[in-house]
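Fold and contact review
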Amino acid sequence: MTNLEDGDRQYVWHPSTQHMRDRHPLGIVRGEGAYIVDESGRRILDAISSWWVTLHGHSHPKIAKAIADQAAKLEHVMFGGFTHEPAVQLAERLISLLPGGFGKVFYSDNGTTAVEVALKMAIQYWRNRGEKRDRFLCFEGGYHGDCFGAMSVGNGCKLHTVFDAFLFSVDGFPYPETWDGDEERAVKESRVLSQIEEHLKKHHADTAALIIEPLIQGSGGMRMCSVEFLQKLESLAKSFGILSIYDEAMTGFGRTGQHFACTHTGAPPDIICLAKGLTGGFLPLAATVCRNEIYDAFLGDSMDCALFHGHSYTANPLGCAAALASMELLLTEATQARIARIGAVHVEGLGVLMKTGRVEKARHYGTVAAVNLTDAMGYGSNASVRLRERFLDRGVLIRPIGAVVYLLPPYCISDRELMDAYELIAEEIRN
Ligand SMILES: *Cc1c(COP(=O)(O)O)cnc(C)c1O
């Protein structure tokens, strides 16, 4: 077999990579449960679910088979004017798994497109009702994807300042990040909530929607907020009559310990964006799910009020089949028990990290846990990249976001494997 790295170096450009500096991407030939296997046969524990997508482990046979069976039956059909069984079944399953109130599923390809669709839905919902509302309320440190609309509402996370001049302006508010033992939580939250309330008193009639990564800001550094904050935010949105959009691209499908972040609050938003774990990490597929009132506002006797958005691979049957198989696995008792166990191991592991004296702000929700290193390291800084490489050299995929080290494992990881990852982090940050 030819060396993957040489061919790659010659022809391929990788995402979010400084090719001059970063170590060359590693050739991976196989995935097995919580492990990926490189060209030399080395097994690497995937402690971050490959950019947060892998739910039940790599190459899970049930999902692989569902895709193969579907491919032999119907690989794709355009979704304008046609439909198919996996798309209908998946929509039904999603609506039944989500908290009550959602009515329609709009499919697209990834988290970014799910957000673009949500923003367009929100803008046009108001236009169709005869209101011109151009403002979006969002949160500093938020990340919603890499296309222009998604970058605009994620403008706080400073990943793409070079494009600033091309983004639409938004109203940004601090995300009241909190952690275990944070005594300032209530104060921070009520400060932000009253800022938002004051803002909405003036601007609610121009504001289309708020958008938030509920409970956890992912790319912003696994910053967590409380369930109470979300509940109060949701009631502010309701009382001022603006739409709320939850971007659950990362938090969906059990990551936070419940099926969705909005399952924790008992007060679901108007629109929710799902991606990443939707297919268990097998195929790019996303869904923007909304209440029936929103869908109804797009009904009329001309195309003018219809939603103009679609992608060639909308509702790809293979993606939908993978998602159905993944959801079936998610709902098994065994998986639900693993999710609970991972949460318990996180508590223990975070304790180990805190004992090093080199970390602060330990925090966790369900299967996601994070700490901040007390040594300052910027996003993409040399120090942060070197730390990532040291973890990898020791056989564990952990990818710090600046000074934030987090674990977000696939649900099949064993208690021992997860605890080993914590021990390894503790050793590396002591050095
Ligand atoms: C990853 C992510 C996105 C973007 O999803 P892609 O599939 O990478 O386009 C959007 N929002 C959140 C919260 C994410 O974590």
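Our structure's up above, just so we're on the same page.
In what follows, the accompanying structure is described. (Residues numbered from 1 in each chain as written. Predicted model: local features only at pLDDT ≥ 70, side-chain atom pairs only at ≥ 80, totals over all residues. Heavy atoms only, no water.)

**Here we look at the overall build of the protein**
- Of regular secondary structure, the protein possesses 14 helices and 16 strands.
- Against the globule reference of 22 Å for 431 residues, the protein gives a C-alpha radius of gyration of 21 Å, in line with a compact fold.
- A burial count over the protein gives 54% of its 431 residues as buried.
- Counting only contacts in the protein whose residues sit at least 6 apart along the sequence, the fraction spanning at least 24 positions is 71%.
- Summing over all exposed atoms, the protein offers an accessible surface of approximately 18800 Å²; the carbon and sulfur share of this is 54%.
- Computed over 42 positive and 52 negative side-chain charges, the separation of the two mean positions in the protein equals 3 Å. (Helix = DSSP H or I, 4+ residues; strand = E, 2+ residues; numbered from the N terminus. Rg over C-alpha atoms; globule rule 2.2 N^0.38 Å. Buried < 20%, exposed > 50% of the residue type's maximum accessible area, 1.4 Å probe, protein only. Contact = heavy atoms within 4.5 Å. Areas by Shrake-Rupley, 256 points an atom, 1.4 Å probe, with all protein chains shown as cover. Lys, Arg positive; Asp, Glu negative; His and termini not counted. Charge placed at Lys NZ, Arg CZ, Asp CG, Glu CD.)

**Some details on empty space enclosed by the protein**
- Tallying each qualifying case throughout the model produces one cavity of 30 Å³ or more.
- Estimated volume of the largest cavity: approximately 30 Å³.
- Lining the largest cavity are Leu350, Leu353, Ala369, Ala370, Val371, Val405, Tyr406, Leu407, Tyr422 and Ile425.
- Put simply, the parts of the chain that give the lining of the largest cavity at least two residues each are helix H12 (333-355), strand E14 (368-373), strand E16 (404-407) and helix H14 (415-430).
- The residue inventory of the lining of the largest cavity, partitioned by class, reads ten nonpolar, no polar and no charged. (1 Å grid on protein atoms, 1.4 Å probe; cavity = no way out; pocket = protein on both sides within 12 Å on 5 of 7 lines; lining within 4 Å. Points joined across faces, edges and corners; volume = space filled by probe spheres on them. Nonpolar A, V, L, I, M, F, W, Y, C, P; charged D, E, K, R; others polar.)

**What about the nonpolar core?**
- Among the nonpolar cores identified, the biggest contains 97 residues, and Tyr107, Phe139 and Met222 are the most heavily contacted of them.
- The leading source of residues in this core is H14, at eight residues.
- Setting aside residues no more than four positions away along its own chain, Met222 makes contact with Trp52, Ile216, Gln217, Met250, Arg363, Val368, Ala370, Val404, Tyr406 and Leu408.
- Counting residues in each nonpolar core, the second largest holds 27 residues, with Val117, Tyr125, Phe136 and Val153 among its members. (Core = buried A, V, L, I, M, F, W, Y, C linked by side-chain atoms within 4.5 Å.)

**With respect to the packing of aromatic side chains**
- As enumerated under the stated definition, the model contains nine aromatic pairs in all.
- On the numbers, 6.2 Å between centres and 85 degrees between planes, the contact of Phe139 with Phe229 is edge-to-face. Here Phe139 is found in strand E5 (residues 135-139), whereas its partner Phe229 is found in helix H8 (residues 227-240), with 90 residues between them in sequence. The exposure classification of Phe139 matches that of Phe229, with both residues buried.
- Each residue in the set Phe139, Tyr175 and Phe229 is aromatic and connected to the rest through ring pairs, giving one cluster.
- Across from the ring centre of Trp126, 3.5 Å away, lies the NZ or CZ of Arg133, which sits over that ring. (Phe/Tyr/Trp six-rings, centres within 6.5 Å; stacked < 30°, edge-to-face > 60°. Lys NZ or Arg CZ within 6 Å of the ring centre and 35° of its normal.)

**Comments concerning the layout of surface pockets**
- A volume near 800 Å³ is recorded for the second largest pocket.
- The set of elements that each furnish at least two residues to the lining of the second largest pocket consists of helix H4 (85-97), strand E4 (102-108) and helix H10 (292-296).
- Here the lining of the second largest pocket gets five residues from one element, more than from any other, and that element is H4.
- When its residues are assigned to classes, the lining of the second largest pocket shows 19 nonpolar, seven polar and two charged.

**Some points on the sheet that holds strand E1 (residues 28-32)**
- Pairing is mixed in the open sheet, where four strands are placed in the order E1-E2-E3-E15. Taken across any chain shown, the strands that pair with only one partner, and hence form the sheet edges, are E1 and strand E15 (396-397). (Pairing = 2+ DSSP bridges.)

**Considering the pattern of salt bridges**
- In this structure the tally under the stated criterion is 24 salt bridges.
- Between Arg341 and Asp415 there is a salt bridge, with the nearest N and O atoms lying 2.6 Å from each other. Residue Arg341 is located in helix H12, and its partner Asp415 is located in helix H14; the two are separated by 74 residues in the primary sequence.
- What emerges from the salt-bridge pattern is a single network uniting Arg390, Arg394, Glu427 and Glu428. (Salt bridge = Lys/Arg side-chain N within 4 Å of Asp/Glu carboxyl O.)

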